[in-house]
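Observations on the model geometry
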Amino acid sequence: MDLKQRKPASSGNHEAEATKQSKSITNKAGTSDGTLWKYLKYTSLLCVGLSLVFLSSPLDAENLEWIKDVPLEGQFAVEHQITADKSMAMGGAECVAEDDDRNIYTGLHNGNIIKIHPHHLTGQIGEGEQEIFFKSHFPSAPKADQEATHGRPLGLRIRKNKLYVMDAIYGIYTVDLQTREATFLLQIDDVTPHLMIPDDMDITADGKTIYFTDASSRFAIGRAIYTFLEGKCTGRLYRYDVATKQAEMIKSEMCFSNGVQLNEDETVLVVAETLARRVNYFRLPDFQLLNQIYLPTMPDNVRRSGKKQFLDRILWNFG
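Residues numbered from 1 in each chain as written. Predicted model: local features only at pLDDT ≥ 70, side-chain atom pairs only at ≥ 80, totals over all residues. Heavy atoms only, no water.

Section: the state of the cysteines
Applying the stated rule across the entire model yields one disulfide. For Cys 233, the disulfide goes to Cys 255, at an S-S distance of 2.0 Å. Disulfide Cys 233-Cys 255: the torsion about the S-S bond is 85°, which places it as right-handed. Of this pair, Cys 233 sits in the loop between helix H2 (224–230) and strand S11 (235–241) while Cys 255 sits in the loop between strand S12 (246–254) and strand S13 (257–262), placing them 22 residues apart in sequence. Judged by relative accessible area, Cys 233 falls into the buried class, the value being 19%. The exposure class of Cys 255 is buried, given its relative accessible area of 2%. (Disulfide = S-S within 2.5 Å. Helix = DSSP H or I, 4+ residues; strand = E, 2+ residues; numbered from the N terminus. Buried < 20%, exposed > 50% of the residue type's maximum accessible area, 1.4 Å probe, protein only.)

Overview of the pairing of S12
Along a regular strand, successive side chains alternate from one face of the sheet to the other. Inspection of the sheet shows S11 paired to S12 by six bridges, in the antiparallel sense. Counted as the bridge partner of Tyr 238 is Met 249 from S12. If you look at the hairpin formed by S11 and S12, you'll find four residues sitting between the two strands, and Lys 245 has a positive phi there, around 60°. (Pairing = 2+ DSSP bridges.)

Quick look at unusual backbone geometry
Put simply, Thr 192 and Pro 193 share a cis peptide bond, and its omega is -10°. Within the element layout of this structure, Pro 193 appears in the loop between strand S8 (182–187) and strand S9 (198–203). With an omega dihedral of 10°, the bond running from Leu 284 to Pro 285 counts as a cis peptide bond. Secondary-structure assignment places Pro 285 in the loop between strand S15 (278–283) and strand S16 (288–294). With a phi close to 60°, Glu 266 is a non-glycine residue in the positive phi region. Mapped onto the fold, Glu 266 is located in the loop between S13 and strand S14 (268–273).

Description of the sheet that holds S12
One open sheet holds the four strands; their spatial order is S9-S10-S11-S12, and the pairing between them is antiparallel. Edge positions in the sheet fall to S9 and S12, since each has one partner strand and no second. The sheet shows a mean angle of 20° between the axes of neighbouring strands, taken without regard to direction. Both strand S10 (residues 209–214) and S11 contribute to a ladder of six bridges, which runs antiparallel. By the bridge assignment, Asp 214 is partnered in S11 with Arg 236. (Axes fitted to C-alpha atoms, helices over the stretch in contact; angles between N-to-C directions.)

Digging into the nonpolar core
Ranked by size, the top nonpolar core spans 18 residues in total, and within it Tyr 105, Ile 113, Phe 133 and Leu 163 carry the most contacts. Sorting the residues of this core by element identifies strand S4 (130–135), strand S5 (153–159), strand S6 (162–167) and strand S7 (171–176) as the ones contributing at least two each. Residues contacting Leu 163, with those up to four places away along its chain left out, are Ala 97, Tyr 105, Ile 113, Phe 133, Leu 156, Arg 157, Ile 158, Tyr 173, Thr 174, Val 175 and Leu 177. Membership of the second largest hydrophobic core comes to 14 residues, among which are Ile 172, Val 191, Ile 203 and Tyr 238. (Core = buried A, V, L, I, M, F, W, Y, C linked by side-chain atoms within 4.5 Å. Contact = heavy atoms within 4.5 Å.)

Re the side chain of Asp 202
Its place among the elements puts Asp 202 in strand S9. In this structure the side chain of Asp 202 is engaged in a polar contact, spanning 3.5 Å, whose partner is the side chain of Arg 157. (Polar contact = N/O pair within 3.5 Å; in protein donor to acceptor, adjacent residues only side chain to side chain.)

Notes on the pattern of salt bridges
Tallied over the entire structure, the rule returns ten salt bridges. Close ionic contact of Arg 239 with Glu 248 constitutes a salt bridge, the shortest N to O distance being 2.8 Å. Overlapping salt bridges, with partners in common, bring together Arg 157, Arg 159 and Asp 202 in one network. (Salt bridge = Lys/Arg side-chain N within 4 Å of Asp/Glu carboxyl O.)

Laid out in structure tokens, this is it:
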């Protein structure tokens, strides 16, 4: 019987297996290198993108470490009784004005000024029919925000059967309470540089002078958040002469100048600075700073109470 020696299978197979393992190692190394390359590429692109965003950003941020941190306690403790009554859901109700017939007016985000009647049976203020009193929309008027499709009524006052409106888009105008006809007093381009966020106002008893604020001279109300992110104080305080129709800038570099209120005998003007979290008391007529109170909140509107005190509407609470 012929005995044939079997050829070792390891010869060719080992070579194939070695080649296979070599390719596997090469593939793994290639995969690892490819992953690292992709990571480096995308990281580089992200850094370039962030750099471009930073360079093209409209913000020029400033340090606000000087703002005082005040606790929400003591004289600044929350008075829950004030907010214990009924509330109504409205889209951005900003300011409230009341006429002689106990009707309430307030402006909303959508440009409407709402009139709220007293209850028809009980006469309770604020509990009656609600109607759209006026729509803030002036197609041919200059606008502070070119993207705005309607106005944004903020500060409201009533004098001699007229509703005075401080509109963040259009400026200052009046609306007759009977005819509902609107008349401009000051448009946004009547001052230089033009108004960006006309915010609030108060009117002297004789109706001859209007004190008003422009919260920012850099951003319109649609980008008001930029003012808080940036931290620059570019707000202004103005005095408007109704007879001459001239506006005079009294103060500049205010930190989002907001609410405005005269005291009872019109010897002091109170102005809120929202960004700085403080309220200023200016002596009239020379505008000397009498007092400056830092708050644990961001102040918004300021109004006089019946007890010769000032009520401050809170925009944000830091307590």
